[in-house]
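Single-letter residue listing:
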Amino acid sequence: MVEPGRAYFDFCTEYNADKIAASLRTGLTTLGLEGAIKCGDRVLLKPNLIMAKAPRLAVTTHPEIVRAVAMVLKDCGARLYLGDSPGFGSLETVLEKCGFKPVLHEFAITVTPFDQESVVVDTDNLVAKKLILATAASEFDKVVNLPKLKTHSMMGATLAIKNLFGFIPGLKKAAWHLRAGHDRDFFARIMFDIYRQVTPVWNFLDGIAGMEGDGPTGGTPRNFNLLALSADAPALDYLVEKWVGFPEPTPLSSVSLNLGLVSEESSCACGPAADKPLTRPIKQAQGTAAATFPGHKLWRRVFVKRPKVSRTRCQHCRVCVQHCPAQVMKLIDAKIVIDYKRCIRCYCCQELCPYGAIRVGFGIGS
Ligand code: SF4
Ligand code: SF4
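Residues numbered from 1 in each chain as written. Chains lettered and ligands numbered in written order. Predicted model: local features only at pLDDT ≥ 70, side-chain atom pairs only at ≥ 80, totals over all residues.

## Comments concerning the packing of helix H8 (residues 184–197) against helix H10 (residues 251–258)
Cut-off, in case you're wondering: Interaxial angles span 0 to 180 degrees and are taken between N-to-C directions of axes, which are lines fitted to C-alpha atoms, for helices over the stretch in contact. Numbering of helices and strands starts at the N terminus; helices are DSSP runs of H or I of at least 4 residues and strands are runs of E of at least 2. Roughly parallel covers angles under 35 degrees, roughly antiparallel covers those over 145, roughly perpendicular covers 65 to 115, and oblique covers all other angles. We call two residues in contact whenever the C-beta atoms placed from their backbones are within 7 Å. Residues are grouped as follows: Ala, Val, Leu, Ile, Met, Phe, Trp, Tyr, Cys and Pro are nonpolar; Asp, Glu, Lys and Arg are charged; every other residue, Gly included, is polar.
Between H8 and H10, the least distance of the axes is 9 Å, while the angle of their chain directions is 70°. Judged by the inter-axis angle, H8 sits roughly perpendicular to H10. For the pair H8 and H10, the contacting residues are Arg184, Asp185, Ala188, Arg189, Met191 and Phe192 in the first and Pro251, Leu252 and Val255 in the second. Looking at side-chain class alone, the contact of H8 with H10 contains six nonpolar, no polar and three charged residues.

Structural data, given as structure tokens:
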């Protein structure tokens, strides 16, 4: 029987599909999740494919995780699909660069770009009564969520719940960033509205190699040697945050706690890695401390860290200019200029810069 709040944590030190699949099978048995997917089910795999980066950089879910999951799901008799909406660039390009093409071919996995939209109206949602999601969110019998363990400048960490933000198609993501502004709690609640619509049956976290520091794209790869599985995405996130040593819950887990979805008593991890957390806690992203700075907007401008562009690293590609939700970035005389008065500190620019040219730090002035 499936018990909410439970997660299975295992150690795994290498991207070896056979070993990963063995761990997944043990986790499914331990948690009573084997029966969640039936023969003939159309199953959508949702990895983290934020941008076109080689697997060794630990920005995206590793293709061997997909291979292992496909091995297990093929044994169940499932029909496999895979999709995401990258931050920028076509899904085809991202799949190629991220090393997914061989596994897609080997297991006859159908690629499903999240470019078709459906409108979902749900008056019980937390903030978004009307959501525009990729049609893929409602097209399949089951969703298997394959997040990557990484820090995140705006939201502290990107784990299972945050990975579902990819179901917001393309540029609509920027609109939600703009609407949320500085408000991390609001932004977190949007993720939970998406989670209500797309509730994965399995969440299988790739934490073998993840990222610390200025994630989700500009941080430092780190071997956490962790695989984590749960049917309960909020519980998985809450427990992984504790395992890696976050001093306090991220905005997403704060919402989970406030909604009573997780708690110290009801959420528990089992498995070989469960009671062996990181001895050296994860290094947080620079922007995290700014998460909920209260007070007048003038003081927020001073005390909330802001994006800064390295002139030596910047290649003038204009990706940041094109994707800044607040439209406050300009390329002028071969220099990126930011209107800090209107900057909402979402750090999308840092997240999407392909050259790691944007850092966040303190600054005074306009
Ligand atoms: S995305 Fe990065 S490299 Fe491209 S213009 Fe912006 S700062 Fe420069
Ligand atoms: S400049 Fe960067 S942090 Fe500021 S609003 Fe634009 S994308 Fe967000």
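## Focus on the environment of Asn223
With respect to the helices and strands, Asn223 occurs in strand E11 (residues 220–230). A C-alpha to C-alpha distance of 22 Å links Asn223 and Lys46, two positions 177 residues apart in sequence. Non-local contacts of Asn223, meaning those with residues more than four positions away in its chain, are made with Ile208 and Ala209.

## A short note on unusual backbone geometry
The bulk of non-glycine residues show a negative phi, and the bulk of peptide bonds are trans. Residues Gly215 and Pro216 are joined by a peptide bond in cis, for which omega reads 15°. Relative to the helices and strands, Pro216 is located in the loop between strand E10 (202–212) and E11. Residues other than glycine seldom take positive phi values, yet His316 does so here, at roughly 60°. Position of His316 relative to the elements: it lies in the loop between strand E13 (306–309) and helix H12 (319–323). For Arg345, which is not glycine, the phi dihedral falls at a positive 60°. As for its placement among the helices and strands, Arg345 is situated in the loop between strand E15 (335–338) and helix H13 (348–352).

## Side note on the packing of helix H1 (residues 17–31) against helix H2 (residues 63–76)
Formally: For any helix crossing, the convention is left-handed if the near helix is rotated counterclockwise from the far helix by under a right angle, and right-handed if that rotation is clockwise.
As a packed pair, H1 and H2 sit with axes 8 Å apart at the nearest point and diverge in direction by 55°. What the angle tells us is that H1 and H2 run oblique. Crossing angle aside, the handedness with which H1 passes H2 is right-handed. Here H1 contributes Ala17, Ile20, Ala21, Leu24 and Arg25 to the contact with H2, which in turn contributes Glu64, Ile65, Arg67, Ala68, Val69, Met71 and Val72.

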